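Spelled out, the chains give:
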Amino acid sequence: MSKTFYIETYGCQMNAADSEVVAAILEHEGYTRVEEKFEADVILVNTCSVRENAEQRARGRVQGFAEVKKRRPEVLVGVMGCMAERLGEALFEQEKNVNIVVGPDAYMKLPELIERAARGERAINVELSTTETYPGICPSRVDATAASGFVSITRGCDNFCTYCIVPYTRGRERSRPPGSVVNEVLALRAGGCKEVTLLGQNVNSYRWRGEGGATMDFPGLLGVVARAAPDTRVRFATSHPRDMSDNILRAIADHRNICRHVHLPVQSGSNAVLARMNRKYTREAYLDRLRAIREILPGCGLSTDVFVGFSGEREEDHRATLELLEEARFDAAFMFKYSERPGTVAARKLPDDVDEETKGRRLQEVIELQGRLSLESNRAEVGRVAEVLVEGPSRRNEEEARGRTEQNKMVVFPGKGRRAGELARVRVKGCTAATLLGEIEEG
Ligand code: 5AD
Ligand code: SF4
């Protein structure tokens, strides 16, 4: 009988993509994936370290597997991803259920680690690599019927924003060969995907150096992918404002199948705070990029990440963030409270000096403001017809379908048999701050 594994994924889209790489590696070794943890010989948790509460959630899950271990003492529990990288050996001490610890660059070693753990050893590999991109692995899709798939194009990050753990957990930035990116896109398309998202911590700085001095940058890769799969929607995330060049925007404009949506994390609207974050742009430079996006890509969807309460954030810095949100008019935003991460430059040099109550109040103000702006952005869609890629039934009502517009807005509508992967023309009839509500436009 073949061995089985069960995998749970937390954190960003990169982690979702990595879980599919790990699944492919294990399946190649003869393992079978199961959906039920009680049926698994190996349980894996792909973890995130970006904020303290992400780590707490992962710990809760790992502790919960005690239940499985009680029933099946031979089951092995592995922690993979950013938290494995950050905590290493310490995880064995802190979490009694853990048998395997494997970092983001060591997944090729996972079959060997599982064997060692099965012999009762503590199996760990958290070596970071400057070259590993898993070029030969064709990821095994967790949801084989999904309309949308992920393809990582870069790994790691060299930006060293002072608050961020990622350069330490995912190591140096490196780009995957264009051929391997295109092969994955084509494999997803052959498997029924109608949309691919090119992933990296900072996709804009994609740069492949081939033999004989040939290079390919991100606009080049966008063109190659868009032409290789002209009937597939192409998305990408995440972009860094400093590297969001007009050339990239023109590459999007040149290809109808590249979605008009840019996710451009701003983090703060205050120049003083941006400087302490080492973001390498000012508020003015950021707003200039938004202007360029709106000029070169009219109707482009825009979203951002922002967090409150970073070291030294004064009331006036916070107001500058609120004013920037007003001015930028993002369609959507992910909003957080600063969480100090051990080992970062901020943890060493910049005191976590905004008290919890102030962080909470500022976050609430940001959420309320963006809620109003998101609602206004959605209201502007009412009456229009949008092309929606159906992702599946709506979470609340099986009769309704859920999908996304090119601008990445979520739409819910009476499904009339429309299935994941189909395109529907939907007239928008109403909205909330998070969702458009519509009806299929017949004919
Ligand atoms: N605390 C709070 N939010 C953070 N992010 C990254 N690091 C931290 C941190 N230490 C946010 C940023 C980033 C998103 C993925 O998470 O907004 O863009
Ligand atoms: Fe979390 Fe960042 Fe790691 Fe993604 S790369 S899992 S967001 S810490």
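Heads up: the structure comes first, above all this text.
Residues numbered from 1 in each chain as written. Chains lettered and ligands numbered in written order. Predicted model: local features only at pLDDT ≥ 70, side-chain atom pairs only at ≥ 80, totals over all residues. Heavy atoms only, no water.

Considerations on the overall build of the protein
Each helix and strand in the protein was counted, giving 15 helices and 21 strands. For 443 residues, the compact-globule formula gives about 22 Å, and the C-alpha radius of gyration of the protein, at 22 Å, lands near that figure. Projecting the C-alpha coordinates of the protein onto the three principal axes gives extents of approximately 60 × 55 × 55 Å. Across the 443 residues that make up the protein, the buried fraction comes to 56%. The contacts in the protein between residues at least 6 apart in sequence include a share of 72% that link residues at least 24 apart. Total accessible area on the protein stands at roughly 19,200 Å², and carbon and sulfur atoms take up 49% of it. Computed over 65 positive and 66 negative side-chain charges, the separation of the two mean positions in the protein equals 1 Å. (Helix = DSSP H or I, 4+ residues; strand = E, 2+ residues; numbered from the N terminus. Rg over C-alpha atoms; globule rule 2.2 N^0.38 Å. Buried < 20%, exposed > 50% of the residue type's maximum accessible area, 1.4 Å probe, protein only. Contact = heavy atoms within 4.5 Å. Areas by Shrake-Rupley, 256 points an atom, 1.4 Å probe, with all protein chains shown as cover. Lys, Arg positive; Asp, Glu negative; His and termini not counted. Charge placed at Lys NZ, Arg CZ, Asp CG, Glu CD.)

What about the packing of aromatic side chains?
Inspection of every chain in the model, using the stated rule, returns 10 aromatic pairs. Look at Tyr 107 and Tyr 134: their rings are 6.0 Å apart centre to centre, the planes differ by 20 degrees, and that puts the pair in the stacked class. You can see Tyr 107 sitting in the loop between β5 (100–102) and α6 (110–118) and its partner Tyr 134 sitting in the loop between β6 (123–125) and β7 (148–152), a full 27 residues away along the chain. One exposure class covers both Tyr 107 and Tyr 134, and it is buried. Arranged with centres 6.0 Å apart and planes meeting at 80 degrees, the rings of Tyr 163 and Phe 310 form a pair that is edge-to-face. On the criterion of sequence distance, the pair formed by Tyr 163 in the loop between β8 (154–155) and α7 (166–170) and Phe 310 in the loop between β15 (301–308) and α13 (315–328) is long-range, its members being 147 residues apart. Exposure remark for Tyr 163: the relative accessible area of 11% places this residue in the buried category. Looking at Phe 310, the relative accessible area reads 0%, which means it is buried. In textbook terms, an aromatic cluster arises when at least three aromatic residues are bridged by ring pairs, as seen for Tyr 163, Phe 307, Phe 310 and Tyr 338. One cation-aromatic arrangement involves Arg 51 over Phe 336; the distance from NZ or CZ to the ring centre is 3.6 Å. The ring of Phe 38 carries the charged tip of Arg 71 above its face, separated from the ring centre by 3.8 Å. (Phe/Tyr/Trp six-rings, centres within 6.5 Å; stacked < 30°, edge-to-face > 60°. Lys NZ or Arg CZ within 6 Å of the ring centre and 35° of its normal.)

Section: the site of ligand 1
Near ligand 1 you find Val 50, Arg 51, Tyr 163, Gln 267, Asp 305, Phe 307, Phe 336, Lys 337, Tyr 338, Ser 339 and Arg 341, and these make up its full shell. In this structure, an oxygen atom belonging to ligand 1 sits 2.9 Å away from a side-chain N or O atom of Arg 51. The backbone of Tyr 163 places a nitrogen or oxygen atom 3.1 Å from a nitrogen atom of ligand 1. About the coverage of ligand 1: the protein hides 86% of its 400 Å² of free accessible area. Counting residues per element, the ones that place at least two in the shell around ligand 1 are β15 and β16 (332–337). For the shell around ligand 1, the residue count by class is 5 nonpolar, 2 polar and 4 charged. (Near = heavy atom within 4 Å. Polar contact = N/O pair within 3.5 Å; in protein donor to acceptor, adjacent residues only side chain to side chain. Nonpolar A, V, L, I, M, F, W, Y, C, P; charged D, E, K, R; others polar.)

Let's talk about the sheet that holds β6
The strands making up a sheet are joined through hydrogen bonds of the backbone, oriented either antiparallel or parallel. Spatial ordering of the open sheet is given by β2-β1-β3-β4-β5-β6, a layout of 6 strands whose pairing is parallel. The strands lining the two open edges of the sheet, one partner per strand, are β2 (32–33) and β6. In this structure, β5 lies alongside β6, joined through 3 bridges in parallel fashion. In the sheet register, Val 101 faces β6, and the bridge partner there is Ile 124. Across the face of the sheet, helix α1 (residues 13–28) comes into contact with β1 (4–9), β2, β3 (42–47) and β4 (76–81) while running at roughly 175 degrees to β1. (Pairing = 2+ DSSP bridges. Axes fitted to C-alpha atoms, helices over the stretch in contact; angles between N-to-C directions.)

Geometric values such as these leave the question of function open.
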